[in-house]
Structures are given as structure tokens and as C-alpha cells.
Amino acid sequence: MKKILGISGSPRKPGNCEIMLKAVARNVPEELELRLLRLADFDLRPCKGCYRCLFKEKRCILKDDIYQIIDALAWADAIILAVPTYFLGANAMLKLLLDRGLCFYGHIEKLWGKPSIGIGIAGIAGKEGSTLLGIERFQRVMLADVKRALMVYGALPGEVFMNPENRDTAAALGRALFQPAPAPAPEEPDCPLCGSHTFRFLGGNQVRCMLCSNDGTIDLAAGTPVFTIAGSGHDLFLKEDDALEHENWLVGMKERYLANKEALKKITKAYRKDGTWIKPEPQA
Ligand SMILES: Cc1cc2nc3c(=O)[nH]c(=O)nc-3n(C[C@H](O)[C@H](O)[C@H](O)COP(=O)(O)O)c2cc1C
């Protein structure tokens, strides 16, 4: 029996994300238990950047629901994620969870390498902006194995399945969850290191992959773009060892902070008194 966690980034019940991830799960050719997690149901607070989740008991100081989500991820054999596009990117619920990613680096052994499918849903074809990158980034930072990540379109709740092609997509994604990831398609050139489709152009033929953050070149071979990208020596998630090394690097920040504490304090102190902070008024 496979344990599958479906994560919906949408607060809409039932919306396109919810039915899409359930349709993918229905098509997984295994006996399974499906647990569902709607991110908007959970109290998730913004990361404070204190790094304490990486030290001692490896617990975040924020008293919210983050470890319920980590426990659900640890329980799962595989993850299906569906997230709506809001204003040209994956919606804020996904980023709120992603920003707590330091908590995940403290538990690499429980989370590494789970097969995952990521689906972005936008209302208007082509108007998804950076949604797919946001989803792939989530899959990678959550230390999952990316089997597929793609966009589908549908605006009204349920509309995604007014297009029968999206039912076929759901079926193909379900079948793909426990299969090896496919070879990249030549018509959709991607980063040879991490599989992302999003690059920044740095001038000339120089490019940077926006997911694994490595640099390289783009050239045309018989009219088809070909990316050549080299690792930087500090990769965040390409292999489990990269993730473990990155965790050590993060832990090492404490030593760096202590060694530079006085100089850092001097820099920040010089700005302490500028301006007046506007604070929220208590609600009536
Ligand atoms: C606040 C908001 C912003 C949106 N921004 C976009 C957008 O930038 N591009 C787009 O194509 N669709 C946009 N949409 C449409 C949603 O992506 C679409 O309705 C999707 O199906 C929502 O998924 P759900 O039904 O699971 O909530 C937006 C919807 C909302 C509510």
C-alpha cells in the first residue's frame, strides 16, 4: 500500500487544484492511502531567519503548524502538489511553506527523494508567469524527486475538466508517479543538471538556471537551443550529499556570525534610528 500526500495550495473548496490532485491520485496504478493537506487550513507564520531549527532539538521557535506538515511529508511515500497561479506566480501559501524550508534541511533523512508530481493551475493559458518555477522550486527545496511538473489551465472551479485533455494529463501524471522521470524532450530544452525550464540571460550566450542557480551557455544546434550548464561546487539539492553539505554550510553560519558579531552590529547600529515604523492598529 503506497502512502500518498496530496497538497493543495488553493483555499477554494473544491477548486481546480483539489480535483486535479485527486484525479492524479485516482490514476496511480497502486493500492494507496491518500491524505490531503490544504495549506490554507494551517497556521504558518513567516520564517524569522533565526536558524534555530537547525540546532539542538532542530525545532523552529515559531509555535505554529509547521511540524504537522513535516510529519505528513515524512509519512508519505510520494507527493502530489497542485497550486493556483495568483498574479503571475504560484500563490502565497506555497511560498509561506517554502520559506520555512530551513526546517526541512534539519530532517533530510526523513524527506529526501520522495517521488513528486507538481501541477500549476492558471485561469488563462500562457498567463502563469513564474508559477512552474515556483512549483519546481518547492519540489526541490522539499528534497523531493521531481517526476513531472507542468501547467494546466482552467479558471472557474471545476473548469479544468471541461477540457478532456486535462483528464488525460491527470491520468498520465498518475501513471508517472512511481516511474523513472522521462528523458527531456528536445522541443522543450531544459537545464541538463536539474530539469528546470527557466533561465536568466546574462549577456552574450551566458545564462543562469533559475532553479539550480548554476551558470552556463545557450547555443543553437540545428535551430534547437542547447543549454550547457556546470555545477558550482555548492549545489543545494541535486544529490542527497549536496543537501547534507548545504545543511552543514547553514549550520556553519553560526560560527561565521559569532566571528563577525561586533563588526555586523556596528553596521546595523548605524541605521537603527532612521524613520518611524508604522505598526498595525488593533482591529475594532
Ligand atoms: C487572486 C487571484 C489571482 C489570479 N491570478 C491569475 C494570473 O495571474 N494568471 C492566470 O492565468 N490566472 C490567475 N488566476 C486564476 C486562477 O489561477 C484559476 O482560477 C485557478 O483555477 C485557481 O485554482 P483553484 O480553483 O484551485 O483555486 C487568479 C485567481 C485569483 C483568485
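For the structure itself, consult the block above.
Cut-offs applied
Here the residue index of a chain counts from 1 through its sequence in written order. Per-residue local features of the predicted model are confined to residues with pLDDT of at least 70, and side-chain atom pairs are confined, for both listing and counting, to 80 or more; whole-chain, interface and lining totals are unaffected and use all residues. Side-chain numbers here rest on the full set of heavy atoms in the structure, without hydrogens or water. Grid points spaced at 1 Å and placed over the protein atoms alone form the basis of the search, with a cavity being a set where a 1.4 Å probe fits but cannot get out and a pocket an open set showing protein on both sides within 12 Å along at least five of seven lines. Lining residues have an atom within 4 Å of a point. Grid points are joined across faces, edges and corners, and a volume is the space filled by probe spheres set on the points. For the purposes of this entry, the term helix denotes a DSSP run of H or I that reaches at least four residues, the term strand denotes a run of E that reaches at least two, and both are numbered from the N terminus. Residues are grouped as follows: nonpolar covers Ala, Val, Leu, Ile, Met, Phe, Trp, Tyr, Cys and Pro; charged covers Asp, Glu, Lys and Arg; every other residue, Gly included, is treated as polar. Note on terminology: near, applied to a residue and a molecule or strand, indicates that one of the residue's heavy atoms is within 4 Å of it. Counting of polar contacts relies on pairs of N or O atoms within 3.5 Å, with two restrictions inside protein: one atom must be capable of donating a hydrogen and the other of accepting it, and residues adjacent in sequence are counted only when both atoms are side-chain atoms. Using the Shrake-Rupley algorithm and a 1.4 Å probe, accessible areas are obtained, with residue cover drawn only from the displayed protein chains. Without a salt bridge and with relative accessible area above 30%, a residue can belong to a patch; like charges are then joined within 9 Å and nonpolar side chains (Val, Leu, Ile, Met, Phe, Trp, Tyr) within 5 Å. Between Lys or Arg on one side and Asp or Glu on the other, a salt bridge is scored when a side-chain nitrogen of the former is within 4 Å of a carboxyl oxygen of the latter. When a residue's accessible area, from a 1.4 Å probe over protein chains only, is under 20% of the maximum for its type it is buried; when over 50% it is exposed; and in between it is partly exposed.

J.: Is there a simple way to think about the layout of surface pockets in this case?
T.: One simple way to see leftover space: roll a probe sized like a water molecule over the atoms. Taken as a whole, the largest pocket encloses approximately 570 Å³ of empty space. Around the largest pocket, the lining comprises 21 residues; the ones closest to its centre are R148, P182, D190, G195 and H197. Of all the secondary-structure elements, those providing two or more residues to the lining of the largest pocket are helix 6 (131-141) and strand 6 (145-153). The greatest single-element share of the lining of the largest pocket, amounting to five residues, is contributed by strand 6. Broken down by class, the residue content of the lining of the largest pocket amounts to 13 nonpolar, two polar and six charged. Within this model, the second largest pocket holds a volume of roughly 470 Å³. What lines the second largest pocket is a set of 17 residues, among which C50, Y51, R52, F55 and K254 lie closest to the centre. Tallied by class, residues from the lining of the second largest pocket come to eight nonpolar, two polar and seven charged.

J.: Hey, could you run me through unusual backbone geometry in this one?
T.: The omega angle of the peptide bond from K13 to P14 is -20 degrees, so this bond is cis rather than trans. Along the chain, P14 turns up in the loop between strand 1 (2-8) and helix 1 (16-26). Positive phi outside glycine occurs at L88, with the angle close to 70 degrees. When you line up the elements, L88 lands in the loop between strand 3 (78-86) and strand 4 (89-90). Positive phi is not limited to glycine here, since S213 has a value of about 65 degrees. The residue S213 is located in the loop between strand 8 (206-209) and strand 9 (215-221) in this model.

J.: Quick question: what am I supposed to make of the site of the ligand here?
T.: The local shell around the ligand holds 17 residues, among which S10, N16, T85, G154 and A155 are the closest. The separation between an oxygen atom of the ligand and a polar side-chain atom of R12 is 2.8 Å. One of the backbone nitrogen or oxygen atoms of C17 is found 2.8 Å away from an oxygen atom of the ligand. When the ligand is considered free in solution it has 640 Å² of accessible area, and contact with the protein chains removes 79% of it. Contributing elements (two or more residues each) for the shell around the ligand: helix 1, strand 3 and strand 5 (115-122). At three residues, the largest contribution of residues to the shell around the ligand is made by strand 3. Here the shell around the ligand is built from residues that sort into nine nonpolar, six polar and two charged.

J.: What am I meant to see in a nonpolar patch on the surface here?
T.: Residues Y257, L258, L264, I267 and Y271 make up a contiguous nonpolar surface patch of roughly 540 Å² in combined accessible area. Here L264 falls in the partly exposed class, since its relative accessible area comes to 37%.

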